[in-house]
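One-letter residues, chain by chain:
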Amino acid sequence: MTGSRLFSPRWLAAGGAVVLAAILGVTLVLQNSGAACAAPPSTSAKKGKATYFFMEGTLGNCSFPSPPADDLYVALGQHNEYSQGAACGTYIDVTGPKGKTRVKVIDSCPECPAGHLDLSLKAFQKIGVKSDGIIPITYKAVPGAAVPGPLSVRVKEGSSRYWLSVLIDNHSNQLSSVKVAGSGGSFKNASREDFNYWTIPSGAGNGPFKVKVTDVYGNSVTVSHIKLAVGKTQKTTAKLGGSVVRQPETATPAKKAPAKKKLTEKTTKPTPKPTKTTASPTRAPLLESATTSPAAPTTQPAQLDANLAANADAPRCS
């Protein structure tokens, strides 16, 4: 269920007749036929407009138990950028007349066309004036955005050994697949729902479960000891955010640096030859997980943009 927006400026902007037609003509689909093979989203800046809305105590269509702690969130057009729930949990940088802010996708907006972002009031006021109601913006997806904590897994109400549905949070990038293995069993593929849960219609037993989560950039992590605890969010120590580079799932021992020789009175420290040095740009933070160490080298920012553009139409589903 989406948040209440009867007094949102975006409704006024749409026009009464258009809004009424949208209400009567739109049916919120709670389940789709399965998870499509998702490609990395475009990171190019886009122009659009923004309005604001209030959650008023109800869940967004992404089904997160509560809004982000910083109250910075956004609803995307249900029939385009929301992508049947694929955008849930990702982050977008939005720039308006007053400045820039980063928001988390937690809801869909049935009446919003592509380019129309419906922001939380706090996010709207960071980049615009509330009394304006509608403001021009530019916005872009943020691969590898920082997340507030490790992955969490929530088992949906109604789940049992015969039917299982889980919600994954704090993953930063769009997810391409979620797989679940019961105690002693093999992994089963879950299907993504429009409301952001991942479902196995036949269930996976009584648990505890292993849950393997993979994003559209190929980053993957497996969490264990997930209980069949209906309606409860279970925190883990695994992280799947802050990187758009594939990381190994097994630990590789680090090589020890050779011991430095101590200088004595009989030895003199050689004068180093002058060498040319260049400043290295800041690198994106690497993926951390309970099962990964050390991190593989990242690409330089210019290479990263080129890689993302080249891979935009090349899905990497597991």
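- As recorded in an unreviewed UniProt entry, the protein goes by Expansin (Peptidoglycan-binding protein) and comes from Paractinoplanes abujensis.

1. Things to note about the overall build of the protein
Moving on, step 1. For the protein, the helix and strand inventory stands at four helices and 15 strands.
Moving on, step 2. The buried share among the 318 residues of the protein stands at 43%.
Moving on, step 3. Restricting the contact set of the protein to residue pairs at least 6 apart, pairs at least 24 apart contribute 76%.

2. Digging into the pairing of strand 12 (residues 197-200)
Moving on, step 1. On strand 12, burial covers both faces: Tyr197 and Thr199 on one face and Trp198 and Ile200 on the other are all buried.
Moving on, step 2. Inspection of the sheet shows strand 8 (residues 164-169) paired to strand 12 by four bridges, in the antiparallel sense. If you follow serine 165 over to strand 12, its bridge partner there is threonine 199.
Moving on, step 3. With two bridges connecting them, strand 11 (residues 191-192) and strand 12 associate as antiparallel partners. Along strand 12, the bridge assignment pairs serine 191 with threonine 199.

3. Some thoughts on the state of the cysteines
In protein chemistry, a disulfide is the covalent bond that joins the sulfur atoms of two cysteines.
Moving on, step 1. Evaluated as defined, the whole model comprises two disulfides.
Moving on, step 2. There is a disulfide in this structure between cysteine 62 and cysteine 88, and the S-S distance comes to 2.0 Å. Handedness here is read from the sign of the S-S torsion; for cysteine 62 and cysteine 88, about -80°, the answer is left-handed. Of the two residues, cysteine 62 is situated in the loop between strand 1 (46-53) and strand 2 (73-77) and cysteine 88 in the loop between strand 2 and strand 3 (91-96); the sequence distance between them amounts to 26 residues.

4. Re the nonpolar core
Moving on, step 1. Among the nonpolar cores identified, the biggest contains 33 residues, and Leu76, Ile92, Val94, Val103, Leu117, Leu119 and Ile137 are the most heavily contacted of them.
Moving on, step 2. Listing elements by their share of this core, those giving two or more residues are strand 1, strand 2, strand 3, strand 4 (99-109), strand 5 (116-120), helix 3 (121-127) and strand 6 (135-141).
Moving on, step 3. Mapping this core onto the domain boundaries places at least three of its residues in each of domain 1 (46-141) and domain 2 (152-235).
Moving on, step 4. With residues up to four places along the chain from it excluded, the contact list for valine 94 reads Gly99, Lys100, Thr101, Val103, Leu117, Leu119, Ile127, Ile137, Thr138 and Tyr139.
Moving on, step 5. Counting 21 residues, the second-largest nonpolar core is a separate cluster that includes Val153, Ile200, Phe209 and Ile226.

5. Things to note about the pattern of salt bridges
Moving on, step 1. With the rule as written, the count across this model stands at four salt bridges.
Moving on, step 2. Put simply, aspartate 93 and arginine 102 hold a salt bridge, and the shortest N to O gap is 2.7 Å.
Moving on, step 3. What makes aspartate 93 buried here is its relative accessible area of 8%.
Moving on, step 4. Accessibility expressed as a relative area gives 36% for arginine 102, which makes it partly exposed.
Moving on, step 5. Between lysine 104 and aspartate 169 there is a salt bridge, and its shortest N-O distance comes to 2.9 Å. Within this pair, whereas lysine 104 is found in strand 4, its partner aspartate 169 is found in strand 8, the two being separated by 65 residues in sequence. In terms of burial, lysine 104 and aspartate 169 fall into one category: buried.
Moving on, step 6. Where salt bridges share partners, they join Asp93, Lys100 and Arg102 into one cluster.

6. Here we look at the environment of threonine 43
Moving on, step 1. Tracing the backbone shows threonine 43 in the loop between helix 2 (16-25) and strand 1.
Moving on, step 2. Taking the C-alpha atoms as reference, threonine 43 lies 5.2 Å from alanine 141; in sequence the two are 98 residues apart.

7. Focus: the sheet that holds strand 8
Hydrogen bonds between backbone atoms are what pair the strands of a sheet, whose relative direction is either parallel or antiparallel.
Moving on, step 1. Ordered by their spatial adjacency, five strands build an open sheet running 11-12-8-7-15, and the pairing between neighbours is antiparallel. Because the sheet does not close on itself, it has two edges, and the strands there are strand 11 and strand 15 (233-235).

Rules used throughout
Residues numbered from 1 in each chain as written. Predicted model: local features only at pLDDT ≥ 70, side-chain atom pairs only at ≥ 80, totals over all residues. Heavy atoms only, no water. Helix = DSSP H or I, 4+ residues; strand = E, 2+ residues; numbered from the N terminus. Buried < 20%, exposed > 50% of the residue type's maximum accessible area, 1.4 Å probe, protein only. Contact = heavy atoms within 4.5 Å. Pairing = 2+ DSSP bridges. Disulfide = S-S within 2.5 Å. Core = buried A, V, L, I, M, F, W, Y, C linked by side-chain atoms within 4.5 Å. Domains from an automatic or database assignment. Salt bridge = Lys/Arg side-chain N within 4 Å of Asp/Glu carboxyl O.

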